[in-house]
Amino acid sequence: MMTDDKKTFNPRDVDLKHLNDLLNHNSDWIWEVDAQGRYTWSSEVVTSMLGYTPDEVIGCTPFDFMPPGEAERVAGAFLAIVQQQIPFSGLVNRNKRADGEVIVLETSGIPLFDEKGELRGYRGMDRNISTLGERVLQLETIYDTTPVALCMIDRNGQMVMSNKAMARLLNRTSNEINGKPVVELMPACWQHFERDFTLADSGAELAGRETHWEGRTFSLHPVPVHDAAGNVVGLSVTWVDVTERYQAEQKLADANQVLQQHAQHDYLTGLFNRRFMDECLNREIIRACEKGYFLSVCLADIDYFKRFNDSQGHQAGDACLRDVANALTAVRHRPDDNVSRYGGEEFLVILPCTDREEAQAIAEGLRESIEALRIPNAASPTGFLTISIGVATLNGSKTLPQDKPLPIIASGLIRRADNALYAAKNQGRNRVVISREPEGH
């Protein structure tokens, strides 16, 4: 039988004592803060961790125990968490103990709400990870301050992590981009990241690429991030600004194009030069022989040009050459026809798929176009500038490249046109003469 003076056993007292032991005698510091981030409750572990009693931390904020630069960094991160009213974990931060020693804590917490559903604070815990934490913070500092833009994108397409360079790339703050959908931040890039996820899931290697953003050019390198089970959970993306290199490459390409232009064109008239037209003629001979086409050439020479140049001067002579070049070019009606300055006052016109009669008609049109310029030339019996033209034609169905070396066929065709031109000169100039020599002659 129980006596009246014996104390009644209360299980609740044991539970409270056990709970206090759990809170105050373990390696983790348990705490609560209000909506303004001020401590409203603290376990006794704070004394062994920071060197302060629970009463000394009540009313303070976590940032009061951090070095100034660290306080600013963590405050920004915590503010973003509070604004979203979400749980958090793994927030690594430096803290200064009462004796001046700096330790590294890992902070986690959950939001607390009142009966109206409004945020009234956070409850959480700090764990001392100084041995590992300093290295983590150093890596975070390197990640955050590197001049190369870095970010991580999860499977939901959200920007879950970014450094300062990435924020500058997007012209926003890290708080403004972390947690935001990439499709909103960079609409043109998201479809490429979707394709990267598909490739990463298949085990394929992700290739780098160049992309343009806000007037800059970036070399972009995505790398898949895997979880412990080997599943792709995100993409780590590096953005290297290569604008200067890209611009230099463009300038080099433009310069090469100009050089190519100079290598193929006559500087005075802008027409193709002889070197290019020799190559063009070889190609057209091969095509004519393979397809059985006719190929004609017109070799034109300005009549009495030396006398014109001597009497009018070299500047007038240069202007005359340009006028003749423009007139000859204007007569062309087909894209494959080519006109070149073949040397001095000579011009070569290559006419693919053109037989002798068609070539003669085109040559007459060329001659008339120069006569129509009505450029005065006192040395000419007509009183105006004229040209003489020799025409030669190759029948591709009768001439095969294997019969003779290609250069021999080409030189033979030009020689026949030149002989016809010589005949036009002997017959009084300002005329077209068609070569009647056998093609194999």
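Residues numbered from 1 in each chain as written. Predicted model: local features only at pLDDT ≥ 70, side-chain atom pairs only at ≥ 80, totals over all residues. Heavy atoms only, no water.

Undergrad: Residue-level account of the nonpolar core, with values.
TA: Nonpolar side chains in soluble globular proteins tend to be buried together. Ile 302, Val 324, Leu 328, Phe 347, Leu 385, Ile 389 and Val 391 are the most contacted members of the largest nonpolar core, which has 29 residues in total. Excluding its chain neighbours within four sequence positions, the residues that come into contact with Val 324 are Ile 302, Phe 347, Ile 370, Leu 373 and Leu 385. By size, the runner-up hydrophobic cluster in this structure holds 26 residues, among which are Met 166, Leu 169, Trp 190 and Trp 213. (Core = buried A, V, L, I, M, F, W, Y, C linked by side-chain atoms within 4.5 Å. Buried < 20%, exposed > 50% of the residue type's maximum accessible area, 1.4 Å probe, protein only. Contact = heavy atoms within 4.5 Å.)

Undergrad: A description of the pattern of salt bridges should follow, citing residues and the corresponding values.
TA: This structure, assessed with the given rule, holds 21 salt bridges. The shortest N-O distance in the salt bridge between Arg 209 and Asp 196 comes to 2.9 Å. Of the two residues, Arg 209 is situated in strand E8 (residues 209–213) and Asp 196 in helix H9 (residues 187–201); the sequence distance between them amounts to 13 residues. A salt bridge links Arg 287 to Asp 336; the nearest nitrogen and oxygen atoms lie 3.5 Å apart. With a gap of 49 residues between them, Arg 287 in helix H11 (residues 274–291) and Asp 336 in the loop between helix H13 (314–331) and strand E12 (338–343) connect regions that are remote in the sequence. (Salt bridge = Lys/Arg side-chain N within 4 Å of Asp/Glu carboxyl O. Helix = DSSP H or I, 4+ residues; strand = E, 2+ residues; numbered from the N terminus.)

Undergrad: How would you sum up a nonpolar patch on the surface? Please name residues and give values.
TA: Together, Leu 16, Leu 19 and Leu 22 make up an exposed nonpolar region whose accessible area comes to about 260 Å². Topologically, Leu 19 is positioned in helix H1 (residues 11–24). (Patch = residues over 30% accessible without salt bridge, like charges linked within 9 Å, V, L, I, M, F, W, Y side chains within 5 Å. Areas by Shrake-Rupley, 256 points an atom, 1.4 Å probe, with all protein chains shown as cover.)

Undergrad: Can you explain the sheet that holds strand E9 (residues 216–226)? Please cite residues and give values.
TA: Taken together, 5 strands build an open sheet; the order of strands is E7-E6-E10-E9-E8 and the sheet is antiparallel. Every interior strand has two partners, whereas the edge strands, strand E7 (159–162) and E8, have only one. Direction aside, the axes of adjacent strands within the sheet are offset by 30° on average. Pairing of E8 with E9, which is carried by 5 bridges, proceeds in the antiparallel orientation. (Pairing = 2+ DSSP bridges. Axes fitted to C-alpha atoms, helices over the stretch in contact; angles between N-to-C directions.)

Undergrad: Just give me the short version of the state of the cysteines, but keep the residues and values in it.
TA: Considering all chains together, one arrives at 0 disulfides under this definition. Here Cys 320 stays free of any disulfide, with the sulfur of Cys 298 as its closest cysteine sulfur at 19 Å. Its relative accessible area of 2% is what places Cys 320 among the buried residues. (Disulfide = S-S within 2.5 Å.)

Undergrad: Describe in detail the environment of Gly 313, supporting the description with residues and values.
TA: Position of Gly 313 among the secondary structure elements: in the loop between helix H12 (305–312) and H13. When its relative accessible area of 24% is taken as the criterion, Gly 313 is described as partly exposed. The spatial distance from the C-alpha of Gly 313 to the C-alpha of Glu 205 is 68 Å, given a sequence separation of 108 residues.

Undergrad: Can you break down the packing of aromatic side chains residue by residue, with the values?
TA: A full pass over the atoms with the stated rule returns 11 aromatic pairs. Seen from their ring centres, Phe 78 and Phe 88 are 5.8 Å apart, and the 80° between their planes marks the pair as edge-to-face. Remark: Phe 88 occurs in strand E3 (residues 88–96) and Phe 78 occurs in helix H4 (residues 68–84); sequence separation between them is 10 residues. Residue Phe 78 shares its accessibility class with Phe 88, and that shared class is buried. Ring pairs connect the aromatic residues Phe 63, Phe 78, Phe 88 and Tyr 122, which therefore count as one cluster. Above the ring of Phe 384, the side-chain terminus of Arg 374 is found at 3.7 Å from the ring centroid. Seen from the ring of Tyr 304, Arg 429 lies directly overhead, with NZ or CZ sitting 4.4 Å from the centre. (Phe/Tyr/Trp six-rings, centres within 6.5 Å; stacked < 30°, edge-to-face > 60°. Lys NZ or Arg CZ within 6 Å of the ring centre and 35° of its normal.)

Undergrad: Account for the pairing of strand E2 (residues 39–42), with residues named and values stated.
TA: The sheet contact formed by strand E1 (residues 28–34) and E2 spans 3 bridges and is antiparallel. Looking across to E2, one finds that Trp 31 is bridged to Ser 42. Adjacent in sequence and paired antiparallel, E1 and E2 are bridged by 4 residues, among which Gly 37 carries a positive phi angle near 85°.

Undergrad: Explain the side chain of Ser 42 residue by residue, including any values.
TA: If you trace the backbone, Ser 42 turns up in strand E2. A polar side-chain atom of Ser 42 sits 2.8 Å from a polar atom in the side chain of Trp 29. Apart from the residues within four sequence positions on either side, Ser 42 is in contact with Trp 29, Ile 30, Trp 31, Pro 54, Val 57 and Ile 58. (Polar contact = N/O pair within 3.5 Å; in protein donor to acceptor, adjacent residues only side chain to side chain.)

Undergrad: Explain the pairing of strand E13 (residues 346–352) to me, using residue names and the numbers behind them.
TA: Regular strands place their side chains on alternate faces of the sheet. Counting buried positions along E13 gives 6 out of 7 residues, so the element sits mostly inside the fold. Pairing analysis gives 7 bridges linking strand E11 (residues 294–302) to E13, with the strands arranged antiparallel. The residue bridging Ser 296 from the neighbouring strand is Leu 351, located in E13. Inspection of the sheet shows E12 paired to E13 by 5 bridges, in the antiparallel sense. Paired with Asn 338 across the two strands is Ile 350, which belongs to E13. Between the antiparallel neighbours E12 and E13 lie 2 residues, among them Gly 344 with a positive phi of about 60°.

Undergrad: Before we move on, could you go through H9 and cite the residues and values that matter?
TA: Look at H9: 22 Å from first C-alpha to last across 15 residues, which is about the 21 Å you get at 1.5 Å a residue. Taken residue by residue, H9 has Cys 189, Trp 190, Phe 193, Asp 196, Phe 197 and Ala 200 as its buried positions. Take H9 and look down its axis: the buried residues cluster within an arc of 115°, on one side only. Residues of H9 that are exposed and angled more than 90 degrees away from the buried face: Ala 188 and Thr 198. Packed against the buried residues of H9 are strand E6 (149–154), helix H8 (182–185), E8, E9 and strand E10 (232–241). At the exit of H9 stands Gly 203, carrying a positive phi of roughly 90°. (Expected span 1.5 Å × (residues − 1). Arc of directions from axis to C-beta.)

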